[in-house]
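Take a look at the letters that make up each chain.
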Amino acid sequence: MSSALDAPLPPGDDPWAVLRAATRARVALGRAGDALPTARELEFRAAHAAARDAVHQPLDADRLRPTLGDFLEVHSAAPDRATYLQRPDLGRQLAEGTSLPRADTDLAVVVADGLSPRAVHEHAAGLVTALVERLPGWSVAPLVLAHQARVALGDAVGEALGARAVVVLIGERPGLSSADSLGVYLTWDPRPGRADSERNCVSNVRPPHGLSYAQAADTVAALLGAARELGASGVVLKDEGPALPTG
Amino acid sequence: MRRRGTVGGRTYEFPTLVELMARATPLRSGDVLAGCAAESAAERVAAQTVLADLPLATFLDEQVVGYDEDDVTRLVLDTHDPVAFAPVASLTVGEFRDRLLAWAAAGDETSISGLAPGLTPEMVAATSKLMRNADLVAVGRRARVVTGLRSTLGLAGRLASRLQPNHPTDDPLGVTASIVDGLLQGCGDAVIGINPATDSPARTLALLQLVDEVIGRYGIPTQSCVLAHVTTTLRALEAGAPVDLVFQSVAGTQPANRGFGVTLDLLTEARAGALALGRGTVGSNVTYFETGQGSALSADAHRGIGGRPVDQQTLEARAYGVARHFDPLIVNTVVGFIGPEYLYDGKQVLRAGLEDHFCGKLLGLPMGVDVCYTNHAEVDEDDMDSLMLLLGAAGCTFLIAVPGMDDVMLHYQSLAFSDVLTTRSVLGLRPAPEFEAWLARMDLLDDAGRVRELSADAPAARALLAAASA
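Here the residue index of a chain counts from 1 through its sequence in written order. The lettering of chains begins at A and the numbering of ligands begins at 1, in the order of writing. Thresholds applied to this predicted model are a pLDDT of at least 70 for local features of residues and 80 or more for the giving and counting of side-chain atom pairs; totals over whole chains, interfaces and linings are not thresholded and use all residues. Processing note: side-chain calculations cover all non-hydrogen atoms of the structure and skip hydrogens and water entirely.

### Considering the interface of chain B and chain A
Applied cut-off: Residues are treated as being in contact if the distance between any of their heavy atoms lies within 4.5 Å. Accessible surface is computed with a 1.4 Å probe, and the buried area is the amount of it that two parts give up when combined, taken over both parts together. A pairing counts as a salt bridge when a side-chain nitrogen of Lys or Arg comes within 4 Å of a carboxyl oxygen of Asp or Glu. Nitrogen and oxygen atoms within 3.5 Å of one another constitute a polar contact, given that in protein one can donate a hydrogen and the other can accept it, and given that sequence-neighbouring residues count only through two side-chain atoms. Numbering of helices and strands starts at the N terminus; helices are DSSP runs of H or I of at least 4 residues and strands are runs of E of at least 2. Just so you know the grouping, Ala, Val, Leu, Ile, Met, Phe, Trp, Tyr, Cys and Pro go in nonpolar, Asp, Glu, Lys and Arg go in charged, and all remaining residues, Gly too, go in polar.
With 59 residues of chain B at the interface, the matching set in chain A holds 44 residues. Here chain B meets chain A over a buried area of about 4300 Å², counting both sides, of which 60% is carbon and sulfur. At the surface where chain B touches chain A, the tally comes to four salt bridges. Between arginine 26 of chain A and aspartate 406 of chain B there is a salt bridge; the shortest N-O distance is 2.8 Å. Counting every contact that joins chain B to chain A gives 14 residue pairs in polar contact (both at pLDDT 80 or more). Broken down by secondary-structure element, the contributors of at least two residues to the side of chain B that touches chain A are α2 (29–34), α11 (172–183), β14 (412–413), α20 (417–427) and α22 (459–468) of chain B. Tallying contributions element by element places α22 of chain B first for the side of chain B that touches chain A, with eight residues. The residue makeup of the side of chain B that touches chain A, split by class, is 29 nonpolar, 17 polar and 13 charged.

Listed below in structure tokens is the structure:
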């Protein structure tokens, strides 16, 4: 034991920097008595506040129109945010009386608030543009903007529009260091009742920290091509399709 | 059997035990989602009134989840100990609550703790539904459950901690940095337990060797665990890995456990493998289980007799009926992890944490809690502080802690290492005795026994920082 305690200090002005350099975890914060020092406590609160605000900020259609172009708007059966958070089943169904024009296209694209409307505000337009550019041979239904929506709401939308596939761009659950991450879910032959195992997902679209729009769009376009060939999406596609980028 | 209760001049009917238990449960979002919650506050009290008059022994004859359909029910009933049950066999659920509170007030730990093999999860869950938060604390702290491997856990006046050094890519240096940070703050006496980023046997083996080396190098009286799937741990055992603890998430129904990819036989096999290594010094408890209200519902495996939805708290208690069969060193509920569709806000998380601790302890488990939350729940640090302090008062076996409350791999918030220190100092609690002696040897404690605020050139800090810069 004494030999271990005689260890030399790591070089540098701040020996604690060794810990900080090794991980993004909040190590070597110091203490005020048995609690966190004020500055560290406030840093944590700022991160949590950003995540909370990302969840509760309403999806703003007017803000999206200049960049996203024309879209149809739908609401799930969850009337407000509190209900949405407690009733995922309602977030998967369209509000009563919703009607969508039948388009009979290859693809429908749904932009959904999910758990981070902020992610939609920041990244949806860039990703939709990049994706449509990569699908020259595909007919695409009018874009749909969905409020209080879960991923599976795309099944009902895709079926109503008569699309052979649906791509849902949705705000992901905010983490302390990533409040604006967008996820993309692809489902072939969408209809209510599809299982999560019948979808393919690309997550963490969040330039410059996460995937770029081009990277994500490349992957989704490749998945769509493979799904069309196979007539299915999900686990089967992942097994037989091209290697997917991670992260 | 159909039962009726009257509150405020209105009579409510409960067709089976399943509805009675669910309607009697304090409000939580998961039961609303499952469609089994009481439809009004009055109906809830009516159900509690009926439950209070129900003989405790009813649960031996009438099931919530069927005996023929579900191996958890069979395990519980087939191992029920009528001798241990005898002291309370004639009581109703309400009388049982009163008896527990009387024993607790008298400090009679022997009477409370001796019941465990005679109690079923449903009996304990039913009793908790009649209890207030303070009742759960008062009785929970008198249910003594002591376990050990290389540290002794559950002794009176002690609060242990799991040091959780997760890293997004399982980077060895990153994991080590978080371990060092936790050790320097007096955490890790229950376990140094890593959730691996991927469930690969090679990764599990590498992490097990890493923690084993740190524990060996500094002579730390604690144990390691990599929280991989039990089948991965079995492969690590075959490869000769230094496995202290076999970990598995478990739930309260057979289909939910199938969803986790586990069977009782698998758990038996893995426990035997770890036991055969003989790595304990003060005890031989070699399993670790995690649970959490809502896990069965999230797997659509929450139905009981006649396909009726069972409330999530009763199913959680049934998960403890699985865990206790394997003599665990530690068990914890991950109480706020699963999200607001199961526990919506701070009030619901607080209540659930206290219920889970109470039910686990009454059933004989060394119960700890991951006091935690996600960003889409109506929960914040203040709620976590209330729960950790109440759990400290309730004699909770251990709390989980991560660097700065932020788990950078699982993306949720747990307690900080310093929160464990706060809970210990506010309530006069101490670490596990062997670990406390090690802290003293490392000169990490001051004269009053408090974990020092360190400077980097202190001998212990120098030594441990050397591990992180290796």
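### Some thoughts on the UniProt feature "binding site: substrate" (unreviewed entry) in chain B
Residue and element names in this part refer to chain B. Applicable threshold: UniProt positions are given in the numbering used here, feature names are shortened, and annotations may be inferred rather than shown by experiment. Remark: exposure states derive from per-residue accessible area (1.4 Å probe, protein chains only) relative to the maximum for the residue type, with buried under 20%, exposed over 50%, and partly exposed in between.
Here the UniProt feature "binding site: substrate" (unreviewed entry) sits at Arg162, Leu163, Gln164, Asn195, Glu290 and Asp370. Along the chain, the position of leucine 163 falls in strand β5 (residues 160–163). When neighbours within four sequence positions are excluded, leucine 163 is seen to be in contact with Ser178, Ile179, Gly182, Leu183, Cys187, Gly188, Val191, Ile192, Gly193, Ala401 and Phe417. Taking relative accessible area as the criterion, asparagine 195 reaches 13% and is therefore assigned buried. In this structure the side chain of asparagine 195 is engaged in a polar contact, spanning 2.9 Å, whose partner is the side chain of arginine 162.

### Structural notes on the UniProt feature "binding site: adenosylcob(III)alamin" (unreviewed entry) in chain B
Residue and element names in this part refer to chain B. Feature annotation in UniProt assigns "binding site: adenosylcob(III)alamin" (unreviewed entry) to the following positions: Pro196, Gln248, Ser298 and Met409. Turning to its location among the elements, serine 298 is positioned in helix α16 (residues 295–298). You can call serine 298 partly exposed: its relative accessible area is 46%. Within the secondary structure layout, methionine 409 lies in the loop between β13 (406–407) and β14. Residues within four places of methionine 409 in sequence aside, it is in contact with Asn166, His167, Pro168, Asn195, Pro196 and Ala197.

### Topic: the nonpolar core
This is how it is decided: Nonpolar cores were defined as sets of buried Ala, Val, Leu, Ile, Met, Phe, Trp, Tyr and Cys residues, with membership established by side-chain atoms within 4.5 Å.
Leu100, Leu183, Tyr288 and Leu362 of chain B are the most contacted members of the largest nonpolar core, which totals 166 residues. Setting aside residues no more than four positions away along its own chain, leucine 362 of chain B makes contact with Phe96, Leu100, Ile112, Ala116, Leu119, Val124, Val139 and Ala143 of chain B. Core analysis: the next-biggest nonpolar cluster, separate from the first, contains 39 residues, Phe71, Val205, Leu211 and Ala217 of chain A among them.

### Points about the sheet that holds strand β3 (residues 144–147) of chain A
Paired through their backbone hydrogen bonds, the strands of a sheet run either parallel or antiparallel. All names here are of chain A. The condition is simple: The rule for pairing is simple: two strands pair if DSSP sees at least two bridges between them. Each axis is a line fitted through C-alpha atoms, taken for helices only over the stretch in contact, and angles between the N-to-C directions span 0 to 180 degrees.
What the six strands build is an open sheet, ordered β1-β3-β2-β4-β5-β6; its pairing is mixed. A strand with exactly one partner marks an edge of an open sheet, and here the two such strands are β1 (72–75) and β6 (199–205). Averaged over all pairs of adjacent strands, the angle between their axes in this sheet comes to 20°, without regard to strand direction. Sheet topology note: the strand β5 (residues 182–188)/β6 ladder contains five bridges and is antiparallel. Paired with leucine 182 across the strands is valine 205, a residue of β6. Running over the sheet, helix α9 (residues 213–230) touches β2 (107–112), β4 (165–171), β5 and β6 and is turned about 175° from β6.

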